[in-house]
Amino acid sequence: MDGKKRPLAVCVTFALALAAGFLLCVLLPKEEYSLSERRRLAPMPKLSAQELWSGRFMSGFESYAVDAFPYREGFRRIKALTATKVFQRGDNHGVYETNGYLAAMEYPLDEASLDRALLRFRYIQETYLGEGNQAFLSIIPDKGCFLAPLSGHLSLDYEEIEKMAAEKADFAEYIKISDLLEEEDYYRTDTHWRQERIVDVARRLAKGMGVQSLGAYTVHTQTEEFYGVYYGQAALPVSPDTIRYLTWEGMEEYRIYDFQNNRELSMYDLTAAKGRDPYEMFLSGSLSLITIENPRAKTGKKLVLFRDSFGSSLAPLLAVGYDTIILADIRYIPPDHISRYVDLSDCDMLFLYSTLVLNHSDTIK
Amino acid sequence: MLFSSISFLYYFLPCMLAVYFAVPRKFKNAVLLLGSMVFYAWGEPKYVLLMGTCVLLGFGFGLLLERYRDKVFGKICLAGSVAASLSFLLYFKYWNFFLENFSKATGIGVTVLQISLPIGISFYTFQLISYAADVYRGERAQKNLINFVVYIVMFPQLIAGPIVRYSHIAGQLNSRNHSLHKAAEGIRRFVIGLAKKVLLSNQLAELCSVFLDTTERSVLFCWLYGIALILHIYFDFSGYSDMAIGLGKIFGFQFPENFDYPYASFSITEFWRRWHMSLGSWFRDYVYIPLGGNRKGRGRQLLHIFIVWGLTGFWHGASWNFIFWGLYFALLLTIEKLWLLKGLEKSRVLSHVYTLFFVMVSFIIFNETDMRQAFSVIGGLFGAGGIPLVSQEAVYCLKSFGLVLLAGGIGAVPTVKSLVGWVWQRPGGKLLKAAEPAFLLAFLLAVTAYLVDGSFNPFLYFRF
């Protein structure tokens, strides 16, 4: 193909690519929400003289052009594969795939962040823990702590975190759970752990806190495919997860109350399981203050569980041993506001946090 | 608007090309002018007026210069034109620098201006100055305002060069050829430049960013940063120049080359003959030679070198590190001129290593406004400060960016070009030639994918 043919082919290919790109950009209907990235996509900015003069229209349009690009998910997949397969990059947006699992590179350990979190926990313990009650601390390792040593990616030194926490958190008894966990205990495409795989963790915690632990249970399987948060971030081709949840005798009598929205909840929101973030089926996701009352327990024991999202799937498993569990997410509610809604007297405390939150504790109020 | 953006590639460029090639020849410059104004206003709507004022002044001074070039008034016009162009540059780019340093030196508190640097002001100011000087020296002034504005604000070279001399482009402004061959060459050049910027430079910039954000320094990491940095800056600048030259060709222009594999150089002197050539030749022709060049004795020549390189550094940004960067090259060039150049010819390997090392050090200075940080990184190359030889993060980055670094290293020297040229001459070369549109399309798709993904896409020229 010489002479005029090759230049013609180059020009025609380029012109067609640009023309097709332009027409598709203009004509195709636009999505408003990206399910995989779990975010609202940038809308077309409003056109006005003021917006143009200030430059806001242009910056808005740049975001819109990227977010509204036709077949965006496909292009994100092409980028992810080009980065990881062609350029052999170890990660895409800090998320990597090993043995079919996606994990985020959480590194390095921010000691100041850990110290800050422990300082907040100490304040809560000193302010609210009653006499005769006990405080406990447990740290949930990130999935990367198990995967990174296999793949050579960066991850937090979990042993170092546990050591530091045990040394500095003299206000609480440390309950180790890391030896019970492995990568299979987490969803392949999501940050979180799988409820059906953490019964041993719940039992260890219950035992450590001196309460009755979960007995026999039934595992239920959701039919919907679960694409977790890492799936969207990485844009790599990984099979979806399946959500399973546990029920046991007497669970239907539990009363769950959401103080954030003043409403009764169910333990598992099966509608949310079909929604944008299926993990939100566990205690309806990110809520600042919830109570679980178990009328069958009659132990006279109450627990305040200071937790992050990992606690949503674990808390139900602890409910067997307590009359009441108060779940407080102090990323969304300041600790001093909790007592406005619930009675914190005569409660044990469990600080249960993942390394992901402890390493970015500026989110803790 | 950036060339490496979805808005440019899939909104602006298709519309621009469609209109440009649809209108009759006599309207093409007007279309180019309008498109360029939209392109510039997209990033800096308020500064369109500033640029317009500069251009109109340049046009007016040009007409006066042509008329009075042999008279004293011609000299006044030249001085007026240069002063007018420079005054805007000094005010918008350097005023705060002068104020801050005045304040530091005297202890007198000053209020700095809340102004942003107009994009491309350094480039169009230099083009205006070169135009005035060329007309004063005998070049015919441009009588057509549209053609003149197109020369200054033509979007392919407006924000990142190359700095196009009026003499180089005067004829093309009035009449130029458009052909399939030229357009195909331009497309090839544009897509390759785009790929250099988005697929290589941006990834290398990511590595630099990881290094600058970390507290975990090690000797290995400092070297990785240094290597990534020189490759990132090269692929960014040369990628942008390729895109500009390519777009120029599509629109029928022939812009001057700006980079000629500078990392294949065997001395700093050679490096500067291959790096940002349009800037180097601008300083040579409009500062170094007018100062007297090498015609006034060795002492004056060395002084001229230091003046030119101090200004070259300062042109890159209103910060001491850029001035230091320029003077650093002045020193190296002086040493080479006086003693080293002949010695460097004895060993190609050593001279290459020497050149790359000192260029790498220069870019570490270039990239760091805090000089203490820059020296800390340079010291880190040799383990200064007691940093370890390797760190976990450095090892990961070496693995993760290894192929990008390798691709960058190979792409920065003429190997690939020679190899492609060689293969094209072989019997199987025809097949490769035939596949060229597919290769270019694949590059374009990969670039699009990176842009759609919202990947790291820094813009280096905001300081220029």
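Each chain carries its own residue numbering, running from 1 in the written order of its sequence. Written order decides the labels, with chains lettered from A and ligands numbered from 1. Owing to the predicted nature of the model, reporting of local features is limited to residues with pLDDT of at least 70; listing and counting of side-chain atom pairs is limited to 80 or more, with chain, interface and lining totals taken over all residues.

**What about the domain arrangement of chain B?**
All names here are of chain B.
- Start and end points for every domain follow an automatic or database-based domain assignment. Each assigned domain of chain B is listed with its residue range as follows: domain 1 (6–176) and domain 2 (182–266 + 345–463).
- Taken together, the contact between domain 1 and domain 2 spans 16 residues of the former and 17 residues of the latter.
- The secondary structure listing takes helices from DSSP runs of H or I that are at least 4 residues long and strands from runs of E that are at least 2 residues long, numbered from the N terminus. Listing elements by their share of the side of domain 1 that touches domain 2, those giving two or more residues are helix 1 (6–22), helix 7 (155–158) and helix 8 (166–174).
- The element contributing the most residues to the side of domain 1 that touches domain 2 is helix 8, with three residues.
- Three classes are used, and their members are as follows: Ala, Val, Leu, Ile, Met, Phe, Trp, Tyr, Cys and Pro are nonpolar, Asp, Glu, Lys and Arg are charged, and the others, Gly among them, are polar. Across the side of domain 1 that touches domain 2, the residue classes break down as 11 nonpolar, four polar and one charged. Residue pairs are scored as contacts if the distance between their C-beta atoms, which are placed from the backbone, is within 7 Å.

**Here's the deal with the interface of chain B and chain A**
- Taken together, the contacts link 42 residues of chain B with 40 residues of chain A.
- Taken together, the elements giving at least two residues each to the side of chain B that touches chain A come down to helix 1, helix 9 (180–213), helix 17 (392–411), helix 19 (429–434) and helix 20 (436–452) of chain B.
- Among the elements that take part in the side of chain B that touches chain A, helix 20 of chain B stands out by supplying 12 residues, more than any other.
- Grouping the amino acids of the side of chain B that touches chain A by side-chain chemistry returns 26 nonpolar, nine polar and seven charged.

**Topic: the packing of helix 9 of chain B against helix 10 (residues 219–250) of chain B**
Residue and element names in this part refer to chain B.
- Only the contacting stretch of a helix is used when fitting its axis, a line to C-alpha atoms as for every element, and angles between N-to-C directions run 0 to 180 degrees. Across the interface, helix 9 lies against helix 10 with an axial gap of 7 Å and an inter-helix angle of 155°. Taken as axis vectors, helix 9 and helix 10 run roughly antiparallel relative to one another. In the packing of helix 9 onto helix 10, the handedness of the crossing is left-handed.
- Along the lines of polarity and charge, the residues of the contact of helix 9 with helix 10 split into 23 nonpolar, eight polar and eight charged. The labels follow the angle: roughly parallel below 35 degrees, roughly antiparallel above 145, roughly perpendicular from 65 to 115, and oblique for the rest. Crossings are classed by handedness, with left-handed meaning an anticlockwise turn of the near helix from the far one by less than a right angle and right-handed meaning a clockwise turn.

**Quick look at the domain arrangement of chain A**
All names here are of chain A.
- What the domain assignment reports for chain A is domain 1 (5–75) and domain 2 (101–363).
- Its C-alpha centre places domain 1 at a distance of 41 Å from the equivalent point of domain 2.
- Across the contact, four residues belong to domain 1 and six residues belong to domain 2.
- Here the residues of the side of domain 1 that touches domain 2 sort into one nonpolar, one polar and two charged.

**Some details on the sheet that holds strand 10 (residues 263–265) of chain A**
Residues and elements named next belong to chain A.
- Strand pairing is assigned whenever DSSP identifies at least 2 bridges connecting the two strands. Taken in spatial order, the eight strands line up as 6-5-14-12-13-11-9-10 in an open sheet, and their pairing is mixed. Looking at strand neighbours, the two that pair on one side only are strand 6 (173–174) and strand 10, the edges of this open sheet.
- As defined by bridge partners, strand 12 (residues 302–307) adjoins strand 13 (residues 324–328) across five bridges and the pair is classed as parallel. Note on strand 13: the bridge partner recorded for Leu303 is Ile325.
- Here helix 5 (residues 111–128) sits on the sheet in contact with strand 5 (135–140), strand 12 and strand 14 (348–354), set at roughly 165° to strand 14.

**Overview of the confidence of the model for chain B**
Residue and element names in this part refer to chain B.
- Values of pLDDT, which run from 0 to 100, indicate the predictor's confidence residue by residue. When the pLDDT values of chain B are averaged, the result is 94; 98% of them are 70 or greater.
- By mean pLDDT, helix 19 is the weakest element of chain B at 86, and helix 1 is the strongest at 98.
- In the predicted assembly, ipTM is 0.91 and pTM is 0.92.

**Things to note about the pairing of strand 14 of chain A**
Residue and element names in this part refer to chain A.
- Residue burial is a threshold on neighbouring C-beta atoms within 10 Å of the residue's own C-beta, all placed from the backbone, with 20 or more meaning buried, 12 or fewer meaning exposed, and counts in between meaning partly exposed. Taking burial as the measure, the seven residues of strand 14 include seven buried ones, the bulk of the element.
- Pairing geometry for strand 5 and strand 14, over six bridges, is parallel. Bridged to Ile139 within strand 14 is Tyr353.
- The pairing of strand 12 with strand 14 spans five bridges and is parallel. When the sheet's bridge partners are listed, Leu303 is paired in strand 14 with Asp348.

**Focus: the packing of helix 10 of chain B against helix 17 of chain B**
Residues and elements named next belong to chain B.
- In contact at an axis separation of 10 Å, helix 10 and helix 17 are set at 30° when each is read in the N-to-C sense. The angle between helix 10 and helix 17 places the two elements in the roughly parallel class. The chirality of how helix 10 crosses helix 17 is left-handed. From helix 10, Leu220, Phe221, Leu224, Ile227, Ala228, Leu231 and Phe235 reach across to helix 17, where they touch Glu393, Ala394, Cys397, Leu398, Phe401, Leu405, Gly408 and Gly409.

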